[in-house]
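Fold and contact review
The primary structure of each chain is shown beneath.
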Amino acid sequence: MDWAMTEKSYSQRRACALVGIDPRVYRRRPTRPSDEELRRRLRALAGERRRFGYRRLHLLLEREGWVLNWKKLYRLYREEGLTVRKRGGRKRAIGTRAPMAIPQGPNQRWSLDFVSDSFADGRRFRVFCVIDDFTRECLATVVDTSLSGQRVARELDRIAELRGYPCMVVSDNGTELTSNAILKWQEDRKVEWHYIAPGKPMQNGFVESFNGRLRDECLNEHLFSNLRHARQLIEAWRDDYNHHRPHTSLDGLTPREYHHQTENDQTLNGANL
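Here we take up the packing of aromatic side chains. Under the counting rule described, the total for this entry stands at 13 aromatic pairs. With 4.7 Å between their ring centres and 55° between their planes, Tyr-54 and Tyr-74 make a pair best called tilted. Remark: Tyr-74 occurs in helix H6 (residues 70–79) and Tyr-54 occurs in helix H5 (residues 54–63); sequence separation between them is 20 residues. For Tyr-54, a relative accessible area of 13% corresponds to the buried category. Just above the ring of Tyr-10 sits the side chain of Arg-14; from NZ or CZ to the centre is 4.0 Å.

Put into structure tokens, the structure is as follows:
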């Protein structure tokens, strides 16, 4: 309409008729607040958490005391051009899926898996990830260039010194996890070990989901110069994941907060009984 009135010398009424709106709509001045402070904070959070979408940013803002609904935040998020860019595609599973049973308390079932990446000079390294399936806590991210079955057994014992041994461990059929060292560890510790079906990573969905977050928010965001550098950054991300990063499947709580809440609920239930 502005173009028609300035370049073609149309009257306001004629320009509005061509566009199909009432002149009062054109003359009306918006009264919506600019929300400049909120926009600055939203941009700052999105810059710190570049792989967070508007839902998780909304949870972070609520934790800081901002009161706003998700629709307004989504509008500001779009206006500021903060949409997270999708990275590639992935295969979609075809056919029926059986839901995975969720344990009823912390430390009942751990999930294990490996993630691979490379240093800036091209050398490869691996990350051994351990997840508590109930609280979604990351119990360990062991970074090294080589991780044998004996090393995995030692790391599991180290975690158990702090939390105790789980009732069950779930993993794939990798050579490290089917080695004699791990088979002996299972037998000596009296821990049930469940191996998923070959080629069915969805049967180990909790740790697979964690691996995706780790790669998207940490591994793809940094260039690692050496082993020490990788260990420092990945451990810092693990601490943030457990203590500060809201988890949508836990009603916006962090894994550590959910763990404490569960312990408090069990204590209260025990006292009532």
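Now that the structure is up, let's keep going.
It is worth spelling out the sheet that holds strand E3 (residues 138–144) at this point. Read across the sheet, 5 strands follow the order E3-E2-E1-E4-E5 without closing on themselves; strand pairing throughout is mixed. The open sheet has two edge strands with one neighbour each: E3 and strand E5 (192–195). Averaged over all pairs of adjacent strands, the angle between their axes in this sheet comes to 20°, without regard to strand direction. Summarising the sheet, strand E1 (residues 109–118) and strand E2 (residues 124–132) pair through 9 bridges and their orientation is antiparallel. Paired with Ser-118 across the two strands is Arg-124, which belongs to E2. Relative to the sheet, helix H10 (residues 227–243) contacts E2 and E3, its axis offset from that of E3 by approximately 170°.

In this section: the pattern of salt bridges. Should the charged atoms of two oppositely charged side chains come close, the side chains can pair. As enumerated under the stated definition, the model contains 27 salt bridges in all. A salt bridge links Asp-121 to Arg-123, with the nearest nitrogen and oxygen atoms 3.0 Å apart. With its nearest N and O atoms 2.4 Å apart, the salt bridge here joins Glu-176 to Arg-126. In this pair, Glu-176 sits in the loop between strand E4 (168–171) and helix H8 (180–189) while Arg-126 sits in strand E2, placing the two residues 50 residues apart along the sequence.

Before going further, it helps to examine the layout of surface pockets. To find the voids left in a structure, one rolls a probe of water-molecule size over its atoms. Estimated volume of the second largest pocket: approximately 330 Å³. Surrounding the second largest pocket, 19 residues form its lining, Cys-138, Leu-139, Ala-140, Leu-162 and Arg-238 being those nearest its centre. Every element with two or more residues in the lining of the second largest pocket is listed here: E3, helix H7 (149–163) and H10. Among the residues forming the lining of the second largest pocket, the class breakdown is 7 nonpolar, 3 polar and 9 charged.

Let us look at the confidence of the model for the chain. In this model, the chain carries an average pLDDT of 87, and 92% of its residues clear a pLDDT of 70 or more. Across the chain, E2 holds the top mean pLDDT of 96, while helix H11 (residues 255–272) sits lowest at 79. Between residues 91–98, whose pLDDT stays under 50, and residues either more than four places distant or in other chains, the model counts 1 contact.

The rules behind the values
Residues numbered from 1 in each chain as written. Predicted model: local features only at pLDDT ≥ 70, side-chain atom pairs only at ≥ 80, totals over all residues. Heavy atoms only, no water. Phe/Tyr/Trp six-rings, centres within 6.5 Å; stacked < 30°, edge-to-face > 60°. Helix = DSSP H or I, 4+ residues; strand = E, 2+ residues; numbered from the N terminus. Buried < 20%, exposed > 50% of the residue type's maximum accessible area, 1.4 Å probe, protein only. Lys NZ or Arg CZ within 6 Å of the ring centre and 35° of its normal. Pairing = 2+ DSSP bridges. Axes fitted to C-alpha atoms, helices over the stretch in contact; angles between N-to-C directions. Contact = heavy atoms within 4.5 Å. Salt bridge = Lys/Arg side-chain N within 4 Å of Asp/Glu carboxyl O. 1 Å grid on protein atoms, 1.4 Å probe; cavity = no way out; pocket = protein on both sides within 12 Å on 5 of 7 lines; lining within 4 Å. Points joined across faces, edges and corners; volume = space filled by probe spheres on them. Nonpolar A, V, L, I, M, F, W, Y, C, P; charged D, E, K, R; others polar. pLDDT = per-residue confidence, 0-100.

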